[in-house]
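# Results of the structural survey
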Amino acid sequence: MNLPGVLSLLLVISTAHAFQYTELAQFIDSHQEEYVEILRDWVAIESDSSNVMKRTDLHRMMEMVAQKLRLMGGTVELVDIGEQVLPDGQTLPLPKVVTAQFGTDLTKHTVCVYGHVDVQPAKLEDGWATDPYNLTDIDGNLYGRGASDNKAPVLAWIHAVGAYQALNMELPVNVKFVIEGMEETGSNGLDAMILAQRDTFFSDVDYIIISDCGWLSRRPALTYGTRGNCYFFAEVEGPKQDLHSGVYGGTVIEPMTDLIGILDTLISPSGKILIPGIREAVAPLSDEEWKMYQDIEFDLEDYKNKIGINQLMYSNKVDLLAHRWRYPTVTIHGIEGAFSDPGTKTVIPAKVTAKFSIRQVPDMDPAMVKKQVTDYLHSVFAKRKSPNRLKVTMVIGAKPWLADTQHPLYEAGKAAVKRVFDMDADLIREGGTIPIARTFEDVLGKSIIMLPIGGFDDGLHSQNEKMSRYNYIEGTKLFISYLNEVSQIKKTSV
Ligand SMILES: C[C@H](N)C(=O)N[C@@H](Cc1c[nH]cn1)C(=O)O
């Protein structure tokens, strides 16, 4: 074919894509209300994976996801992943994992979209302005627990596939789904399931796509790293039951005093981790990283205003982003057994359990962190010469994940963002953890992209979590466009 012929063929192909996108995008716009209603139904289910009392809701949630995918004609399975062993030795069934498949064309790439539909705990009394389980639209923001983390993004992927189907357009790639219900507690049981199905469900998967994170600002982003998380329980036990603090106070060595004392040795007020060995394991910040962080648009004043504080741990952008994304940190989350109700109970708690976690980064290793923390806390406790008993347990050990931003998946992401938002995407990392990310990479040897659609101010895990209609709807268009871009990656890239 001569040059003008080739050019006109390219024009036909690109016009066909543009036309297809426009039609698909219009379809998404015209189905917005329907998408909001489905999100309302999903948010209404209190699928809190950390609360064993809510396990029935979680099972119902998984069934609802499976049913939605079945109605779209997918090949759907609810995979039994066994039981969860609780700290007291009791067991209860884990929520089944939903797998689904749309398309089996061997000439096409196959992507596997991973997401989760369990949520963090939420109560109106925590300070929510609206009922966390009744999706409430205020000024274009859809408030509800799990709206952004991760129900709307999972739905957006489903709507993207549904739009192709509804318009009788062939999916540009085969799409598989893996949707779980235990992400918020460390993805219990999912590693084993992935290993078990490596040569079956996952055998033809080329790429993994995860949309379980958010943008850094109003600019769309592609995420290339997540921190890991080691979550600990430190239990101090003393008298055989709670005691009156007036009658017994001053005569017993109190478990709570011991616990607070050892917790205070984990991290300094300026954020320096005091556990020997942790900081030494962290990969140094490279000049290239420094430059990347320096080039990102990010306003520290906006960040402070958003979270309602007047001083940050670091006052320059690079340090702040680095400590948010690629340095470890210790957070003390709570103390079980401590008196926390309103009022003035005067008690010496007999047994208290601190919950704290350490976000991890390359080159830290959960097994090593477990040993470092356990040895350190026991040595600090021993110095107190307390008669109380300390028990340290690591209940989650999730590894960090880091991608190669030169991979064609990221080029495809940039192109999709450009098409939908007419902007260049930020390349960012995520301070939070996707516990299963490293397993996908290590067990399946597949490349991953994180393609977030959550807003920078969505309030994940916090009061008044929300997903904006804008991000939900434009995010669905992004996914539609992304599938097209991935279909154009040369078949040899892994
Ligand atoms: C980033 C993701 N949306 C998320 O919030 N993940 C949780 C997972 C986790 C880690 N430890 C326990 N659960 C998180 O980062 O807290």
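Residues numbered from 1 in each chain as written. Predicted model: local features only at pLDDT ≥ 70, side-chain atom pairs only at ≥ 80, totals over all residues. Heavy atoms only, no water.

Identification of the chain as Peptidase M20 dimerisation domain-containing protein from Eleginops maclovinus is taken from an unreviewed UniProt entry.

## Description of the overall build of the chain
In terms of helices and strands, the chain carries 13 helices and 20 strands. Here the C-alpha radius of gyration of the chain, 24 Å, is about what a compact globule of 494 residues would show, namely 23 Å. The principal-axis extent of the C-alpha atoms belonging to the chain is close to 95 × 50 × 45 Å. Within the chain, buried positions represent 53% of all 494 residues. Considering only intrachain contacts with a sequence separation of at least 6, the fraction spanning at least 24 residues in the chain is 80%. Summing over all exposed atoms, the chain offers an accessible surface of approximately 22,400 Å²; the carbon and sulfur share of this is 52%. Across the chain, the 48 positively charged side chains and the 65 negatively charged ones have centroids separated by 4 Å. (Helix = DSSP H or I, 4+ residues; strand = E, 2+ residues; numbered from the N terminus. Rg over C-alpha atoms; globule rule 2.2 N^0.38 Å. Buried < 20%, exposed > 50% of the residue type's maximum accessible area, 1.4 Å probe, protein only. Contact = heavy atoms within 4.5 Å. Areas by Shrake-Rupley, 256 points an atom, 1.4 Å probe, with all protein chains shown as cover. Lys, Arg positive; Asp, Glu negative; His and termini not counted. Charge placed at Lys NZ, Arg CZ, Asp CG, Glu CD.)

## Things to note about helix H2 (residues 32-43)
With 12 residues, H2 extends 16 Å from end C-alpha to end C-alpha; this agrees with the ideal 16 Å at 1.5 Å per step. Residues of H2 that are buried: Gln32, Tyr35, Val36, Ile38, Leu39, Trp42 and Val43. Buried residues of H2, viewed axially, fall in a sector of 160°; they line one side. (Expected span 1.5 Å × (residues − 1). Arc of directions from axis to C-beta.)

## A short note on the site of the ligand
Asp149, Glu183, Glu184, Asp212, Asn229, Arg359, Ile396, Gly432, Thr433, Ile434 and His461 make up every residue found near the ligand. If the ligand stood free it would expose 390 Å²; the protein chains cover 94% of that surface. Looking at side-chain class alone, the shell around the ligand contains 2 nonpolar, 4 polar and 5 charged residues. (Near = heavy atom within 4 Å. Nonpolar A, V, L, I, M, F, W, Y, C, P; charged D, E, K, R; others polar.)

## What about unusual backbone geometry?
Each neighbour pair has its own omega, and for Asp149 with Asn150 the value is 15°, a cis peptide bond. By the secondary structure assignment, Asn150 is in helix H4 (residues 147-166). Looking along the chain, the bond that leaves Pro362 and enters Asp363 is cis, with omega of 5°. Among the structural elements, Asp363 can be located in the loop between strand S15 (351-360) and helix H10 (366-383). Of note, Asp139 is a non-glycine position whose phi angle comes to about 50°, a positive value. Take Asp139: it is sitting in the loop between strand S6 (136-138) and strand S7 (141-143). Non-glycine residue Lys385 carries a positive phi angle of around 50°. With respect to the secondary-structure elements, Lys385 resides in the loop between H10 and strand S16 (389-398).

## So, the sheet that holds strand S20 (residues 466-468)
Strand order across the open sheet formed by 3 strands is S6-S7-S20, with antiparallel pairing between neighbours. Both edges of this open sheet fall to S6 and S20, since each of them pairs with a single strand only. Across the sheet, the mean angle from the axis of one strand to that of its neighbour is 25°, orientation sign disregarded. Here S6 pairs with S7 via 3 bridges, running antiparallel. Pairing of Ile138 across the sheet is with Asn141, part of S7. Most of the contacts of H4 go to S20, to which it runs at about 45°, and overall it touches S7 and S20. Across the sheet, helix H13 (residues 469-487) touches S6, S7 and S20, and the angle it forms with S20 is around 60°. (Pairing = 2+ DSSP bridges. Axes fitted to C-alpha atoms, helices over the stretch in contact; angles between N-to-C directions.)

## Regarding the packing of aromatic side chains
Applying the stated rule across the entire model yields 11 aromatic pairs. Relative to Phe479, the ring of Trp157 lies with its centre 3.8 Å away and its plane at 5°, an arrangement referred to as stacked. Of this pair, Trp157 sits in helix H4 while Phe479 sits in helix H13, and the two are 322 residues apart along the sequence. Given the relative accessible area of 1%, Trp157 is considered buried. The class for Phe479 is buried, based on a relative accessible area of 0%. Here the aromatic rings of Tyr293 and Trp325 are separated by 5.4 Å at their centres, their planes lie at 85°, and the arrangement is edge-to-face. Placement of Tyr293 in helix H7 (residues 287-295) and of Trp325 in helix H9 (residues 317-325) is noted, with a sequence separation of 32 residues between them. For Tyr293, a relative accessible area of 0% translates into the label buried. Judged by its relative accessible area of 1%, Trp325 falls in the buried class. Ring pairing ties together the aromatic residues Tyr114, Phe201, Phe202 and Phe440, which thus form one cluster. Above the face of the Phe201 ring, Lys176 is positioned so that its terminal group lies 4.4 Å from the ring centre. Between the NZ or CZ atom of Lys355 and the centre of the ring of Phe233, over which it lies, the distance is 4.6 Å. (Phe/Tyr/Trp six-rings, centres within 6.5 Å; stacked < 30°, edge-to-face > 60°. Lys NZ or Arg CZ within 6 Å of the ring centre and 35° of its normal.)

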